[in-house]
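Descriptive analysis of the structure
Okay, here's what each chain looks like letter by letter:
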Amino acid sequence: MGGEVVEESADPAPGGGPRASSSRPKLTVLPLIALIFFDVSGGPFGVEDSVGAGGGPLLSLLGFLFFPLLWSVPEALVTAELAAGFPSNGGYVLWISSAFGPFWGFQEGLWKWASGNLDNALYPVLFLDYLSPSLSPAARAAALAAITAALTFLNYRGLHIVGLSAILLAAFSLSPFLALALLALPKIQPRRWLALDLRRVNWRGYFNSMFWNLNYWDKASTLAGEVEDPTRTFPRALYGAVVLVVASYLIPLLAGTGAMDGSTTDEWTDGYFAQVGLVIGGPWLRWWIQAAAAMSNMGLFEAEMSSDSFQLLGMSEMGMLPAFFAIRSKYGTPTISILFSATGIIFLSWMSFQEILEFLNFLYALGMLLEFAAFIRLRIKKPDLHRPYKVPVGTLGAVLLCLPPTFLLILVMCLASARTFIVSGSVMLFGALLYPAIEHMKRRNWIEFISTSELSQSSFESGQTQQQVIDEASVNLLPDRSSGKTEPEDPEIDLEGVLKVE
């Protein structure tokens, strides 16, 4: 199902380097499930905080049982419909641009890229914490740089390699928890699942933990141009990933909280599953869980890096960013975009875990509010848009589907600290100023941008009929001023600059 290799003929990209359609394998269902799994979860590492912040197991278990229904399933359904309808690199940037215009598409891209880089800055740190927690500051900084460089090189070597490695890393990361669940069965006492101390509940920490462990379902949409038959593959992969993620949280939590006798709420913090493994299985299970946690952070980094870098490539192909962001290596990966994302990760790695968590959640929530609004607006504004997969509800049903997750997004944002509001507001202001600055650079022809005619011509020469992969591809959502001349409006470009290839 996901193991076949799909190859296509080579063709140069407008920005330099080969296109995604070169003779390299594309992502199929199984690698895409693994990448979505790591975009969202990576395993139960980090969910221990939900027990501590929730004042006991009950709120944690209820959260991972009901939050997926209120949040994960709606987001996955919206992503499945829009990714199938707009199967091009750039993902949600393209959706927002089609619904609200290129300005808001650019803001979406900036918010989600910043959120993704904040998220990815956590993983080299966590990887190092599991393997060598007692390094000196200088040695730690050098190790972080080396780990980031090594993982970035793996991403550079090809998306299909990242997809296959994600399958292996997912299997290894989840395997010790199958052993934990089996060993815990004779010791489980269901009454322990009902423990709750409302006086110890930290609502901000609880909701941030829930939100962080269940978001980023839309991340893989930025890879849609690298997926084989994305209109069919994306919905299947999202369904499979939802089941895998929920099971990877609930099964270890049920086993650990039900079998541990005498553990206090305060003990359930990040990394506590290693102690659970020691008590239930012995030192060998603790070491296995610690090794799995370290490998999981590798998978999380690779999946996030892929999504972030291909998002920048997609934005460049739309004309939103300079053409050099679309340059591909001989492996088909966006070289400059990968290096740009890696640099951001290194600069952000000094921040604390809780600061990063709040900042990325807030920026991600902003982007998701736009995505839900775009989902509804496109249902109204473009009812005839080709949707290979369509959520089986009408306009009213689409609104009702988005209400619960919208409420959760606003709740998470309201619980943010003053510092988070200031930092997020600064990012929003920067984006609002950067967009006209980029337009000015295009108008002055200071930097090369991919033009509409260049991209559409190369697409037709490659023999790719865009109707097979995308009904409305945003190939240049900013006005084409790279030539410095005003040209007649192309009759196939609608008012928002979205090229409709018939």
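Residues numbered from 1 in each chain as written. Predicted model: local features only at pLDDT ≥ 70, side-chain atom pairs only at ≥ 80, totals over all residues. Heavy atoms only, no water.

Going by an unreviewed UniProt entry, the protein carries the name Polyamine transporter PUT1 and comes from Phoenix dactylifera. Checking UniProt for the protein, the heading Sequence similarities (unreviewed entry) contains the comment "Belongs to the amino acid-polyamine-organocation (APC) superfamily. Polyamine:cation symporter (PHS) (TC 2.A.3.12) family." If you open the UniProt record of the protein and go to Subcellular location (unreviewed entry), you find "Cell membrane". (UniProt positions renumbered as here; feature names shortened; annotations may be inferred.)

1. Describing the overall build of the protein
For the protein, the count of helices and strands is 17 helices and 0 strands. Here the protein holds 502 residues, and the buried ones make up 59% of them. Summarising the internal contacts of the protein: among those between residues at least 6 apart in sequence, 82% fall at separations of at least 24. As displayed, the protein has an accessible area near 19,500 Å², and 67% of this comes from carbon and sulfur atoms. (Helix = DSSP H or I, 4+ residues; strand = E, 2+ residues; numbered from the N terminus. Buried < 20%, exposed > 50% of the residue type's maximum accessible area, 1.4 Å probe, protein only. Contact = heavy atoms within 4.5 Å. Areas by Shrake-Rupley, 256 points an atom, 1.4 Å probe, with all protein chains shown as cover.)

2. Thoughts on the packing of helix H3 (residues 57-85) against helix H15 (residues 395-414)
Two elements in contact, H3 and H15, have axes separated by 9 Å at closest approach and are oriented at 115°. For H3 against H15, the interelement crossing comes out left-handed. Of the residues in H15, those touching H3 at Phe67, Leu70, Trp71, Pro74, Leu77 and Val78 are Leu401, Cys402, Pro404, Pro405, Leu408 and Leu409. Per-class residue counts for the contact of H3 with H15 are 12 nonpolar, no polar and no charged. (Axes fitted to C-alpha atoms, helices over the stretch in contact; angles between N-to-C directions. Left-handed = near helix turned anticlockwise from the far one by under 90°. Nonpolar A, V, L, I, M, F, W, Y, C, P; charged D, E, K, R; others polar.)

3. Concerning helix H4 (residues 92-100)
Most of H4 sits inside the fold, with 8 of its 9 residues counted as buried. Downstream of H4 by one or two residues, Gly101 has phi in the positive range, about 105°.

4. Some thoughts on the nonpolar core
Core analysis: the largest hydrophobic core is formed by 144 residues, its most contacted members being Ile36, Trp71, Trp217, Phe273 and Phe375. The dominant element in this core, judged by the number of residues it contributes, is helix H14 (residues 353-381), at 16 residues. (Core = buried A, V, L, I, M, F, W, Y, C linked by side-chain atoms within 4.5 Å.)

5. Observations regarding the packing of aromatic side chains
All told, the structure shown has 28 aromatic pairs when counted by the stated rule. With a centroid separation of 4.8 Å and 50° between ring planes, the pair formed by Phe64 and Tyr249 is classed as tilted. Of the two residues, Phe64 is situated in helix H3 and Tyr249 in helix H10 (residues 230-259); the sequence distance between them amounts to 185 residues. By relative accessible area, which is 1% here, Phe64 ends up buried. An aromatic cluster is defined as three or more aromatic residues linked by ring pairs; in this entry it consists of Phe45, Phe177, Trp268, Tyr272 and Phe273. (Phe/Tyr/Trp six-rings, centres within 6.5 Å; stacked < 30°, edge-to-face > 60°.)

6. Notes on the pattern of salt bridges
For the structure on display, the rule yields 11 salt bridges. Across the salt bridge formed by Lys112 and Asp218, the nearest N and O atoms sit 2.4 Å from each other. Remark: Asp218 occurs in the loop between helix H9 (203-213) and H10 and Lys112 occurs in helix H5 (residues 102-120); sequence separation between them is 106 residues. Considered together, Lys112 and Asp218 belong to a single accessibility category, that of buried residues. Among the salt bridges present, the one from Arg200 reaches Asp197, with a minimum N-O distance of 3.7 Å. (Salt bridge = Lys/Arg side-chain N within 4 Å of Asp/Glu carboxyl O.)

7. With respect to the environment of Tyr239
Along the chain, the position of Tyr239 falls in helix H10. Taking C-alpha positions, Tyr239 is 8.6 Å from Leu77, a pair spaced 162 residues apart along the chain. Once residues lying within four places of it in the same chain are set aside, the contact partners of Tyr239 are Leu77 and Tyr389.

8. Concerning the packing of helix H8 (residues 159-184) against H10
Packing of H8 against H10 leaves a shortest axis separation of 9 Å and a crossing angle of 40°. The angle between the axes of H8 and H10 places the two elements in the oblique class. Crossing hand, H8 versus H10: left-handed. Contacts between H8 and H10 involve Leu174, Phe177, Ala181 and Ala184 from the former and Leu244, Ser248, Ile251, Pro252, Ala255 and Ala259 from the latter. Class assignment of the residues belonging to the contact of H8 with H10 gives a composition of 9 nonpolar, 1 polar and no charged. (Parallel < 35°, antiparallel > 145°, perpendicular 65-115°, else oblique.)

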